[in-house]
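# Structural characterization, general
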Amino acid sequence: MDFSLFFPRHARNQEQVLSIGDQTVPLQLVRNPRARRYILRLLPGGTARVTIPRGGSAEEATRFALRHTDWLQKQLLRLSQPRAERNSWKHGDLIDYRGNSVALDITVTDAISHVRFGDQSIPVPETQTDLRPFIERHLRKLASRELPARALELATQHGLVFSKVTVRNQRTRWGSCSVKGAISLNWRLVQTPESVRDYIILHELAHLRQMNHSTRFWREVARICPDYEAAEHWLKRNSRILR
Ligand SMILES: [Zn+2]
């Protein structure tokens, strides 16, 4: 395979183009004084972009891109393929994260590929075609750290006591509360806005007082979570997160 860099004769401003196999990929160099090293990414439109760190040079950035042409080729292949599965996640896809729709962005720096979204960055093996299992595992870990702490905080605030709290992988419900006062919360609550996460926690905590969905129960919910209707509405509109 021929990996070479050339300046097309007809290009007006000597735009650089990478030649990868039988494809040509526009190469964009962007300076970012806050970057600590060279970062290569393939933009969803098919342009390769190298971020040049403080003190770096365009020449080094170009060499960096050339060193990673096989990585680029893999990403290009992925970009051109239709989704293997409807439910797989790949570069450029939008996912829900803390109530925002964020794009998955794969980058390579040194020898490690990372997928970035929102404020998160996760190393992923280069051979990985579906990012979903990695990202879900990561989000679940985040949830295990955050949700029990938040549940304890809200319970204390409202003078409620649960026996334990578990973070679960559920496909049909956001949370539950057992007769023994054990609360379980869906890890996907890190994908919803924080107000919605809090509503679900408060909903389950309210079951400690009312083990049903009676008028009394909803009165209790309204008392400890006055905005609960907006949260319910959000959950209905975004039920796809559970699927
Ligand atoms: Zn309920």
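The residue numbering used here restarts from 1 in each chain and proceeds along that chain's sequence as written. In keeping with the model being predicted, local features are shown solely for residues with a pLDDT of at least 70 and side-chain atom pairs are shown and tallied solely at 80 or more, while totals for entire chains, interfaces and linings include all residues. Only hydrogens and water are set aside when side-chain values are computed; all heavy atoms of the structure are taken into account.

## Some words on the nonpolar core
For our purposes a nonpolar core is just a set of buried Ala, Val, Leu, Ile, Met, Phe, Trp, Tyr and Cys residues, chained together by side-chain atoms within 4.5 Å. The buried label applies to any residue whose accessible area, calculated with a 1.4 Å probe on protein chains only, is under 20% of its type's maximum; exposed applies above 50%, and partly exposed to all values in between. In terms of nonpolar packing, the biggest core is built from 64 residues, with Phe-117, Ile-135 and Leu-205 touching the most fellow members. Segments assigned H or I by DSSP are reported as helices when at least four residues long, segments assigned E as strands when at least two residues long, and all are numbered from the N terminus. Take this core: its biggest share by element is nine residues, from helix H3 (residues 132-157). Boundary definitions for the domains trace back to an automatic or database domain assignment. Looking at which domains feed residues into this core, each of domain 1 (3-135) and domain 2 (140-242) gives three or more. Leaving out residues up to four positions away in the same chain, Phe-117 has contacts with Ile-95, Tyr-97, Val-102, Ala-103, Leu-104, Ile-122, Ile-135, His-138 and Leu-139. We call two residues contacting when some pair of their heavy atoms lies within 4.5 Å.

## So, the coordination of the zinc ion
Each pair of donors in an ideal four-coordinate tetrahedral metal site encloses 109.5 degrees, whereas pairs in an ideal six-coordinate octahedral site enclose 90 or 180 degrees. Donor atoms (N, O, S) are those found within 2.8 Å of the metal centre, with the cutoff raised to 3.2 Å for Na, K and Ca; water is not part of the atom list, so apparent gaps in a site can occur. Protein coordination of the zinc ion is provided by His-203 (NE2), His-207 (NE2) and His-213 (NE2), with donor distances spanning 2.0 Å. Counting the intervening residues between successive donors of the zinc ion yields the motif H-x3-H-x5-H. On the basis of relative accessible area, His-207 is assigned to the buried category, the value being 7%.

## A few points about unusual backbone geometry
We note that Arg-98 has phi near 50 degrees; this positive angle belongs to a residue other than glycine. Relative to the helices and strands, Arg-98 resides in the loop between strand E6 (94-97) and strand E7 (100-103). For Arg-98, a relative accessible area of 23% gives the class partly exposed.

## Topic: the sheet that holds strand E13 (residues 182-186)
DSSP calls a pair of strands paired once it identifies at least 2 bridges connecting them. A sheet is described by the order of its strands in space; here three strands give the open sequence E11-E13-E12, paired in mixed fashion. In this open sheet, the two strands that pair with only one neighbour each are strand E11 (164-168) and strand E12 (175-177). Here the average twist between neighbouring strands, direction ignored, is 15 degrees. Pairing geometry for E11 and E13, over five bridges, is parallel. Counterpart to Val-167 in the pairing with E13 is Leu-185. Across the sheet, H3 is in contact with E11 and E13; its angle to E11 comes to roughly 155 degrees. On the sheet, helix H4 (residues 194-206) packs against E12 and E13 and is oriented at approximately 160 degrees with respect to E13. To get an axis, fit a line to the C-alpha atoms, keeping to the stretch in contact for a helix; angles then go from 0 to 180 degrees between the N-to-C directions.

## Here's the deal with the domain arrangement of the chain
What the domain assignment reports for the chain is domain 1 (3-135) and domain 2 (140-242). Counting residues at the interface gives seven residues for domain 1 and ten residues for domain 2. The contact between domain 1 and domain 2 buries some 750 Å² in all, and 38% of this surface belongs to carbon and sulfur atoms. It is Asp-96, Arg-98 and Gly-99 in domain 1 that bury the most area against domain 2; as a group they hold 72% of the surface buried on that side. Each reported salt bridge corresponds to a side-chain nitrogen of Lys or Arg within 4 Å of a carboxyl oxygen of Asp or Glu. Where domain 1 touches domain 2, the interface holds two salt bridges. The closest approach of N and O atoms between Asp-96 and Arg-240, which form a salt bridge, is 2.5 Å. Here a polar contact is recorded for every N or O atom pair within 3.5 Å, except that within protein the pair must consist of a potential hydrogen donor and a potential acceptor, and residues adjacent in sequence are included only if both atoms are side-chain atoms. Between the two partners, domain 1 and domain 2, sit seven residue pairs in polar contact (both at pLDDT 80 or more). What gets called buried area is simply the loss in accessible area from a 1.4 Å probe that two parts show on being joined, summed for both.

## Considerations on the packing of aromatic side chains
Here the aromatic set is Phe, Tyr and Trp, taking the six-membered ring for Trp, and pairing holds for ring centres within 6.5 Å; pairs whose planes are under 30 degrees apart are stacked, those over 60 apart are edge-to-face, and all others are tilted. This model, assessed by the stated rule, comprises five aromatic pairs. Centre to centre, the rings of Phe-217 and Trp-218 are 5.1 Å apart; their planes meet at 75 degrees, and the pair counts as edge-to-face. The class for Trp-218 is partly exposed, based on a relative accessible area of 26%. A connected cluster of aromatic rings, assembled from ring pairs, spans Tyr-199, Phe-217, Trp-218 and Tyr-228. Arg-137 extends its terminal NZ or CZ atom over the ring of Phe-134, reaching a point 5.3 Å from the ring centre. Any Lys NZ or Arg CZ found within 6 Å of a ring centre and within 35 degrees of that ring's normal is scored as a charge over the ring.

## A few points about the confidence of the model for the chain
pLDDT measures the predictor's confidence residue by residue and takes values from 0 up to 100. Residues of the chain with pLDDT of at least 70 account for 91%, and the chain-wide mean is 87. For the chain, per-element mean pLDDT is lowest for strand E1 (residues 3-6), which scores 42, and highest for H4, which scores 97. Predicted confidence for residues 1-14 stays below pLDDT 50, and this span has 28 contacts to residues more than four positions away or in other chains.

## A few points about the environment of His-68
Inspection of the secondary structure assignment puts His-68 in the loop between helix H1 (58-67) and helix H2 (69-80). Look at His-68 and you get buried, because its relative accessible area is 11%. Once the C-alpha coordinates of His-68 and Phe-134 are considered, the two residues, 66 residues apart in sequence, prove to be 23 Å apart. Look past the residues within four positions of His-68 in its chain and what remains in contact with it is Leu-40, Val-108 and Asp-110.

## Describing the pattern of salt bridges
Summed over the entire model, instances satisfying the criterion amount to twelve salt bridges. For Asp-198, the salt bridge identified is with Arg-150, shortest N-O distance 2.7 Å. Taken together, the residues span a long stretch of sequence, with Asp-198 in helix H4 and Arg-150 in helix H3 at a distance of 48 residues. Asp-198 sits in the buried class, given a relative accessible area of 14%. The residue Glu-220 makes a salt bridge to Arg-209 at a minimum N-O spacing of 2.6 Å. Taken as a pair, Glu-220 in helix H5 (residues 215-224) and Arg-209 in the loop between H4 and H5 lie far apart in primary sequence, eleven residues in all. Salt bridges sharing common partners tie together Arg-150, Glu-153, Arg-197 and Asp-198.

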